[in-house]
Amino acid sequence: MPIREVDCVIIGGGAAGLMCAAAAGQRGRSVVVLDHANKVGKKILMSGGGRCNFTNLFATPANYLSGNPHFCKSALSRYTQHDFIALVEKHGVPYHEKTLGQLFCDRKSRDILDLLLAECADVGAEVWTDCAVQRIRRHDAGFDLHTALGDYRCPSLVIATGGLSIPRMGATGFGYQVAKQFGLKLTPREAALVPFTLKGRLLSLAQGLAGVALPVIAECRGQRFPEALLFTHKGLSGPAILQVSNYWHPGDPVQIDFLPGQDLAALISEWRADGSRAELSTRLSRLMPKGFVQAWLSHHGLESALAGKHLADLSQADVSRLCDAFQRWTCVPDGTEGYATAEVTRGGVDTAEVSSKTFEARSVPGLYFIGEVLDVTGWLGGYNFQWAWASGWCAGQYV
Ligand SMILES: Cc1cc2nc3c(=O)[nH]c(=O)nc-3n(C[C@H](O)[C@H](O)[C@H](O)COP(=O)(O)OP(=O)(O)OC[C@H]3O[C@@H](n4cnc5c(N)ncnc54)[C@H](O)[C@@H]3O)c2cc1C
């Protein structure tokens, strides 16, 4: 088969790759997207519980982690959440804000994938599936690709193969291998936006409460997230936990406040002052689920220590133990559930290797990296897609 020459080949037909294809096509570039999976955009389809949390009204560079926190600034300011919202509105996709600026489709995630594919089709960008790329070779005029669907030659090659999370959905380390092939540095990669696993007594505690969800403030390495926590059969999950998992490293403690916005010591003083004879656990159960309160008191040995005591009889030490248990609970997770359930990969292609303006590798002209394959990780809440749109669109202006 003769080699096909195009302006730009994009490997990976996910959020970033499709956005880049549409943007490059709008500039009149001939573009081919190659994906090894049997469908493109699988993570878009499964995202946001099937309703794709496609961006966040309040996205700023502060919502991203990276070895270089400044790297994401340029792209996020050139292609903002409002630009993507305008695109969503242009296609008549109905959406709503769920909470904390998180925008979701009213119907299905499919609306977002269809929108991207329509944008690609409009500009003649080709999108091919079931296409493994077997070899990449660089030469003076660009790159030669040997693929399952034939050979391509292009001056611009974009790597948009995402991270390692959910391998059964087609995630591979391909982008990292390409970076290594061309001598680019990688930062260590870890599963992130991922539930924690516990062991021993803590695991039994979580298992006994599996399914119980409650609002908390979770904190790790100075980052605090007021959202919900969910006990699971393996440990801890829920948005607050996924958020802190972005910052967590093995051995780090995680602190949880189960009474966000309240001051338990002050509440106990008030309860004492009003002279009520209600027991402490009854009072606490008005603030948190009863099963949780009982399990928590018992786990901390407080049930027996405080048995039979009226509120008035609690010592300062008792109050302090209660506050530690409910407002400053600290645990060291055993680990995470790993890439099988993680929403993203923290780390990736070192941003020092890539221009924050064009996304072209500094040492390899014509080679671009966009989206999650880079060492840029967003919070939970639409931030990761916003990064994919912004980096994809910006690279699309230069390929
Ligand atoms: C369950 C789940 C829910 C999520 N929900 C949200 C959400 O609601 N909001 C949000 O902002 N983020 C969410 N995310 C994160 C978001 O999906 C990713 O950050 C985003 O998709 C990254 O875009 P990308 O284009 O870089 O990579 P991807 O979208 O992962 O696309 C990579 C593409 O490359 C292809 N590919 C991989 N290897 C190869 C190879 N060797 N050859 C050819 N093609 C290859 C893959 O098949 C895939 O199509 C979620 C993630 C998961 C796992």
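Residues numbered from 1 in each chain as written. Predicted model: local features only at pLDDT ≥ 70, side-chain atom pairs only at ≥ 80, totals over all residues. Heavy atoms only, no water.

## Notes on the sheet that holds strand β6 (residues 95–97)
Step number 1: Strands sit in the order β4-β7-β6 across an open sheet of three strands; the sheet is antiparallel. In the strand order of this sheet, the two ends are held by β4 (53–56) and β6, each with one partner. Taking the axes of each pair of neighbouring strands and ignoring which way they run, one obtains an average angle of 25° across the sheet.
Step number 2: Where β6 lies against strand β7 (residues 102–105), three bridges are found, and the strand directions are antiparallel. By the bridge assignment, Tyr95 is partnered in β7 with Cys105.
Step number 3: Along the sheet, helix α4 (residues 81–90) contacts β4, β6 and β7; its crossing angle with β4, the most-contacted strand, is approximately 140°. (Pairing = 2+ DSSP bridges. Helix = DSSP H or I, 4+ residues; strand = E, 2+ residues; numbered from the N terminus. Axes fitted to C-alpha atoms, helices over the stretch in contact; angles between N-to-C directions. Contact = heavy atoms within 4.5 Å.)

## Section: the environment of Ala388
Step number 1: Its location among the elements puts Ala388 in helix α14 (residues 383–396).
Step number 2: The residues contacting Ala388, other than those within four sequence positions of it, are Ala15, Ala16 and Gly371.

## Focus: the packing of helix α9 (residues 264–273) against helix α13 (residues 316–327)
Step number 1: With their axes 9 Å apart at the nearest point, α9 and α13 run at an angle of 130° to one another. In this view, α9 runs oblique relative to α13, as classed from their interaxial angle. The handedness of the crossing between α9 and α13 is right-handed. Where α9 abuts α13, its residues Leu264, Ala265, Ile268 and Arg272 lie against Val319, Leu322, Cys323, Phe326 and Gln327.
Step number 2: Residue composition of the contact of α9 with α13, grouped by class: seven nonpolar, one polar and one charged. (Parallel < 35°, antiparallel > 145°, perpendicular 65-115°, else oblique. Left-handed = near helix turned anticlockwise from the far one by under 90°. Nonpolar A, V, L, I, M, F, W, Y, C, P; charged D, E, K, R; others polar.)

## A short note on the site of the ligand
Step number 1: In the vicinity of the ligand, 32 residues are found, and the nearest of them are Ala16, Asp35, Thr172, Glu372 and Phe385.
Step number 2: With respect to the ligand, the backbone of Gly48 contributes an N or O atom lying 3.1 Å from an oxygen atom.
Step number 3: Bound to the protein, the ligand loses 93% of the 990 Å² it would expose on its own.
Step number 4: Those elements that place two or more of their residues in the shell around the ligand are α1 (15–26), α2 (42–46) and α14.
Step number 5: No other element matches the four residues that α14 contributes to the shell around the ligand.
Step number 6: Of the residues that constitute the shell around the ligand, the class distribution is 14 nonpolar, 14 polar and four charged. (Near = heavy atom within 4 Å. Polar contact = N/O pair within 3.5 Å; in protein donor to acceptor, adjacent residues only side chain to side chain. Areas by Shrake-Rupley, 256 points an atom, 1.4 Å probe, with all protein chains shown as cover.)

## Quick look at the pairing of strand β11 (residues 150–154)
Step number 1: The pairing of strand β1 (residues 4–5) with β11 spans two bridges and is parallel. Residue Glu5 lies in a different strand from β11, and its bridge partner there is Arg153.
Step number 2: The sheet contact formed by strand β10 (residues 142–147) and β11 spans five bridges and is antiparallel. Each residue of the ladder has a partner; that of Thr147, found in β11, is Gly150.
Step number 3: In textbook terms, the turn of a hairpin is the stretch between consecutive antiparallel strands, and for β10 and β11 this stretch comprises two residues.

## Things to note about the pattern of salt bridges
Step number 1: Summed over all chains, the structure comprises 12 salt bridges.
Step number 2: In this structure, Asp114 engages Arg110 in a salt bridge whose closest nitrogen and oxygen atoms are separated by 3.1 Å. One end of the pair is Asp114 and the other is Arg110, both in helix α5 (residues 110–122) and four residues apart, which spans about a single turn.
Step number 3: Judged by relative accessible area, Arg110 falls into the partly exposed class, the value being 37%.
Step number 4: Taken together, the shared-partner salt bridges in this structure form one network comprising Arg137, Asp144 and Arg153. (Salt bridge = Lys/Arg side-chain N within 4 Å of Asp/Glu carboxyl O. Buried < 20%, exposed > 50% of the residue type's maximum accessible area, 1.4 Å probe, protein only.)

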